[in-house]
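Inside the fold
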Amino acid sequence: MRQPIVLVTDFGRDDAYAAALIGAVWRVDPHAICIEGTHGIPPGDVLAGAYQLKALARAFSGGAVFCAVVDPGVGTERRAIAVKVGRIRCVAPDNGLVSYLWDETPADDRWAVSLDVPRDAAPTFHGRDVFAPFAAQLSSKERFDVAGDLIEDPMVLNDAFAMREGTGVTGRVAVVDHFGNAITTIRSADIDGGAVRAVRWPGGGTTGLAATYAHITAGAGALIGSAGHLEIAGRGARAADVGGPSLGDSVEVELA
């Protein structure tokens, strides 16, 4: 049974690149089911891509093949890889896109392989010529364990993860979503059930956590979002418009 192929890229909608992935999939398997997860990742923003992959993988926990292409190093010596984490399989450049998928899966339930790059692959478009065709093979018939040489060290981004020291947890804003919510690298697991006394960022802060966006009363508030990451948000407003942080800003949580 075919699994859906979920596309996650920074290609946008103004060019032919996004549709070219679907064409490359259908050349291998005309019956493949392609789902456009997002083509709206900021160009070259690998950390944002890693977060969006994690968020989408939660929705497809029953099984899917992800074709993830945020690849500023396309055509260089960076590896092309595929990972299997639980029931999710993902083909991607080895540049940290799989950071959350890999880190948050138990070691005995994750595998990674390196993929061969065909000689005729365009050095500037591995999405079309490497990743999409291989995603189609995985979706329809290819066994993961014969997909390539096993590797143990897919690249994981250090800055995808918060640091905890004593009662403080420090991360940064990794993504600003469509609604203007500032999504951080601080995860609920980093807080580990502790009571949040305060959340601070350059030029602002708030006390405690709100349960929902509607519970934020004035200014910017903090809450745990649907992907398990700390977010700074405004009620009916973009976080940055009500004193919240901007993309890349440092955010610190003080635990009681």
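Scroll up to find the structure.
In short, a report on the structure. (Residues numbered from 1 in each chain as written. Predicted model: local features only at pLDDT ≥ 70, side-chain atom pairs only at ≥ 80, totals over all residues. Heavy atoms only, no water.)

**What about the packing of aromatic side chains?**
Each aromatic ring pair is specified by the distance between its two centres and by the angle formed by the two planes. Convention followed: Centres within 6.5 Å make a pair out of two Phe, Tyr or Trp rings, where for Trp the six-membered ring is used; the pair is then stacked when the planes are under 30 degrees apart, edge-to-face when over 60, and tilted otherwise. Three exposure classes are used, based on accessible area relative to the maximum for each residue type with a 1.4 Å probe and protein chains only: buried under 20%, partly exposed in between, and exposed over 50%. Put simply, DSSP H or I for four residues or longer makes a helix, DSSP E for two residues or longer makes a strand, and each gets a number counted from the N terminus. Definition used: whenever NZ (Lys) or CZ (Arg) falls within 6 Å of the ring centre and also within 35 degrees of the ring normal, the charge is taken to sit over that ring.
Inspection of every chain in the model, using the stated rule, returns five aromatic pairs. For the ring pair Phe 11 and Tyr 17, a centre distance of 6.0 Å and an interplane angle of 65° mean the geometry is edge-to-face. Residue Phe 11 is classed as buried on the basis of its relative accessible area, which comes to 15%. With 5.4 Å between their ring centres and 70° between their planes, Tyr 100 and Phe 161 make a pair best called edge-to-face. Placement of Tyr 100 in helix 3 (residues 99–103) and of Phe 161 in the loop between strand 7 (149–151) and strand 8 (163–165) is noted, with a sequence separation of 61 residues between them. For Tyr 100, a relative accessible area of 2% corresponds to the buried category. What makes Phe 161 buried here is its relative accessible area of 18%. Aromatic rings pair up to connect Phe 11, Tyr 17 and Phe 125 into one cluster. Here the guanidinium or amino end of Lys 54 rests over the ring plane of Tyr 100, the centre of that ring lying 5.2 Å away.

**Let's talk about the sheet that holds strand 4 (residues 80–85)**
Here is the rule: Being paired, for any two strands, means DSSP has found at least two bridges between them. For helices, the fitted axis covers only the stretch in contact; all axes are lines through C-alpha atoms, and the angles between them, taken along N-to-C directions, range from 0 to 180 degrees. For this analysis, residues touch if any pair of their heavy atoms sits within 4.5 Å.
Here seven strands make up an open sheet; going across it, the order is 2-1-3-5-4-6-7 and the pairing mixed. Looking at which strands have only one partner, the edges of the open sheet turn out to be strand 2 (34–38) and strand 7. Pairs of neighbouring strands in the sheet enclose a mean axial angle of 25°, with direction left out of account. Examined bridge by bridge, strand 4 and strand 5 (residues 88–93) share six bridges and lie antiparallel to one another. In the strand pairing of strand 5, Ala 80 is matched with Pro 93. Along the sheet face, helix 2 (residues 46–59) touches strand 1 (5–9), strand 2, strand 3 (64–69) and strand 5 and points at about 165° away from the line of strand 3.

**Examining the pattern of salt bridges**
The following threshold applies: By definition here, a salt bridge exists when the distance from a side-chain nitrogen of Lys or Arg to a carboxyl oxygen of Asp or Glu is within 4 Å.
Counting across every chain of the model gives 13 salt bridges. Note that Lys 54 is salt-bridged to Glu 104, the shortest N-O span being 2.9 Å. One end of the pair, Lys 54, is in helix 2; the other, Glu 104, is in the loop between helix 3 and strand 6 (110–115), with 50 residues separating them in the sequence. Taking relative accessible area as the criterion, Lys 54 reaches 6% and is therefore assigned buried. Of the charged contacts, one joins Asp 71 and Arg 78 as a salt bridge, the two residues approaching to 2.7 Å between their closest N and O atoms. Given the relative accessible area of 11%, Asp 71 is considered buried. One connected set of salt bridges, linked through shared partners, spans Lys 54, Asp 103, Glu 104, Arg 187 and Asp 190.

**Focus: the pairing of strand 10 (residues 182–187)**
Of all six residues in strand 10, six are buried, a share of seventy percent or more. Inspection of the sheet shows strand 9 (residues 168–176) paired to strand 10 by three bridges, in the antiparallel sense. Bridging from a neighbouring strand, Val 176 pairs with Ala 182 of strand 10. What sits between the antiparallel neighbours strand 9 and strand 10 is a turn of five residues, in which Gly 180 has the positive phi angle 90°. Where strand 10 and strand 14 (residues 229–234) come together, three bridges link them in antiparallel fashion. Its bridge partner being in strand 14, Ala 182 is matched across the sheet by Ile 232.

**Here we look at helix 1 (residues 17–28)**
Test applied: Multiplying 1.5 Å by the residue count of a helix minus one yields the expected span of that helix. Within this analysis, the arc is defined by the directions that extend from the helix axis to the C-beta atoms.
Taking 1.5 Å of rise per residue, the 12 residues of helix 1 would be expected to cover 16 Å, and the 17 Å separating its terminal C-alpha atoms lies within 8% of that figure. All of the buried residues in helix 1 are Ala 18, Leu 21, Ile 22, Ala 24 and Val 25. Along helix 1, the residues classed as buried sweep out an arc of 160° about the axis, all on the same side. Of the exposed residues in helix 1, those oriented more than 90 degrees away from the buried face are Ala 19 and Arg 27. In this structure, the buried side of helix 1 is in contact with strand 1, strand 2, strand 3 and helix 4 (126–140).

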